[in-house]
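Structure at a glance
Below, each chain spelled out in residue letters.
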Amino acid sequence: MTLHPDDVDLTTDLAGLHLSTPIVLASGTAMYGREISTFLNLAETGAIATKSVLARPWPGLPPARAATTPAGMLNSIGLQGEGIRTLLDEHLPWLAKQGATTLVSIAGHSIDEYATCAKAIAEHHQPVDTLEINISCPNVEDQDRVFARNPDAAARVVAAVRTALPHTRITAKLSPDVADITEIARACVDAGADALSLINTLLGAAIHPRTLRPALSHTFGGLSGPAIKPVAVRCIWQVHQALPHIPILGGGGVRRGQDALDLTAAGASAVSIGTVNFEEPDAAVRITAELRTLLASHGIARYRDAIGVAHRPLEPR
């Protein structure tokens with residue numbers, strides 16, 4: 001009997017966070033939801049990860065801050081944002097009114113700054129049940145501050161946030177620019193992370209064809225888009241194999257339903273979409289529909305049954 005796409009159950013779970021669909025708007029690509037809500041019903045989208053904020057407003061890096069590449073884009077925004085207070089006071093109440101499922105993303109230039117953000121969340125009247133800790137943004141002024149490159153530094157950030165928020169669901173966002181991503185993943189989980197987000201952008205650079213100088217003011221930026229999908233699949237595979245009980249929010253180069261299914265098969269419990277949102281702000285609707293059709297064609301009635309399927313022995317048809 002052929003399975004109809006409408007009969008496929010797309011619900012999933014990310015460390016206790018229920019998602020109606022597995023498609024999540026990646027942090028930094030949908031800001032705080034207001035602009036993209038013109039094209040999407042946020043209540044019908046799996047979730048939105050808010051733009052990473054610091055303890056206080058931050059101007060970010062000077063222009064030029066973005067450059068196109070043959071298979072994606074480079075960005076060097078430098079964590080520009082309005083700060084944790086504005087997020088809590090203005091943006092989260094608005095998202096709640098839209099019925100959006102939200103992952104609050106925080107970043108920091110120091111462990112103390114992460115802790116300050118976490119304490120602000122703990123003391124605020126607006127509850128936050130799911131937090132994404134961006135410890136891997138490659139766009140800060142000092143590359144040595146990318147905490148996700150060192151297991152001890154990554155663990156200290158997670159532990160500081162966990163101390164301030166003992167009951168909040170914590171997801172640590174990791175960088176692929178490491179020798180062994182499973183080592184970083186284990187350190188974060190041991191320090192208190194409930195889930196992991198894989199992957200953030202890769203560090204890259206581009207030369208401007210006219211000036212023959214760096215295309216970005218900061219020289220280096222985060223590479224995203226289709227070019228990084230194989231790296232995302234590899235990282236998700238490795239972490240799921242090492243820590244099969246830890247939920248993974250997979251992301252990196254997802255443009256189609258097949259991309260989302262590939263990351264899911266490698267071990268992702270949900271899938272974030274990022275760069276595609278800039279050119280197709282309602283891409284989540286299309287990708288969700290494509291994913292549903294693909295699952296039906298494989299005879300998979302529940303999305304959850306596809307999580308990590310590539311790790312299992314192939315069943316004879």
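For the structure, see preceding data.
Read on for a plain summary of the structure. All of these numbers come straight from a predicted model, not from anything done at the bench.

**Examining the overall build of the chain**
- Helix and strand counts for the chain stand at eight helices and 14 strands.
- Here the C-alpha atoms of the chain give a radius of gyration of 19 Å, agreeing with the 20 Å that 2.2 N^0.38 yields for 317 residues.
- Counting over 317 residues, the chain shows a buried share of 57%.
- Here the analysis covers contacts within the chain between residues at least 6 apart in sequence; of these, 71% occur between residues at least 24 apart.
- A total of about 13,700 Å² of accessible surface is found on the chain, and carbon and sulfur atoms cover 53% of it.

**Details of the side chain of threonine 168**
- Looking at the secondary structure, you find threonine 168 in the loop between α3 (151-164) and β9 (169-173).
- For threonine 168, a relative accessible area of 9% gives the class buried.
- Threonine 168 has contacts with Val128, Asp129, Thr130, Leu131, Arg162 and Asp194, leaving out every residue within four places of it along the chain.

**A few points about unusual backbone geometry**
- Cis geometry is found at the peptide bond from proline 63 to alanine 64, where omega equals 0 degrees.
- Topologically, alanine 64 is positioned in the loop between β4 (47-49) and β5 (66-69).
- That bond from leucine 198 to isoleucine 199 is cis: its omega, 5 degrees, falls within 30 degrees of zero.
- Structurally, the position occupied by isoleucine 199 is in the loop between β10 (195-198) and β11 (202-205).
- Look at alanine 15: it is not a glycine, yet its phi comes out positive at around 55 degrees.
- Relative to the helices and strands, alanine 15 is located in the loop between β1 (12-14) and β2 (17-19).
- Note on alanine 15: relative accessible area 24%, which makes it partly exposed.

**Some thoughts on the sheet that holds β5**
- Read across the open sheet, the four strands follow the order β5-β6-β12-β11; overall the sheet is antiparallel. Of all the strands in the sheet, just β5 and β11 have a single pairing partner and so form its edges. Strand-to-strand twist across the sheet, computed as the mean angle between neighbouring axes with direction ignored, equals 40 degrees.
- Relative to strand β12 (residues 220-224), β11 runs antiparallel, the two sharing four bridges. The partner of leucine 202 across the bridge, within β12, is leucine 223.

How each quantity is defined
Residues numbered from 1 in each chain as written. Predicted model: local features only at pLDDT ≥ 70, side-chain atom pairs only at ≥ 80, totals over all residues. Heavy atoms only, no water. Helix = DSSP H or I, 4+ residues; strand = E, 2+ residues; numbered from the N terminus. Rg over C-alpha atoms; globule rule 2.2 N^0.38 Å. Buried < 20%, exposed > 50% of the residue type's maximum accessible area, 1.4 Å probe, protein only. Contact = heavy atoms within 4.5 Å. Areas by Shrake-Rupley, 256 points an atom, 1.4 Å probe, with all protein chains shown as cover. Pairing = 2+ DSSP bridges. Axes fitted to C-alpha atoms, helices over the stretch in contact; angles between N-to-C directions.

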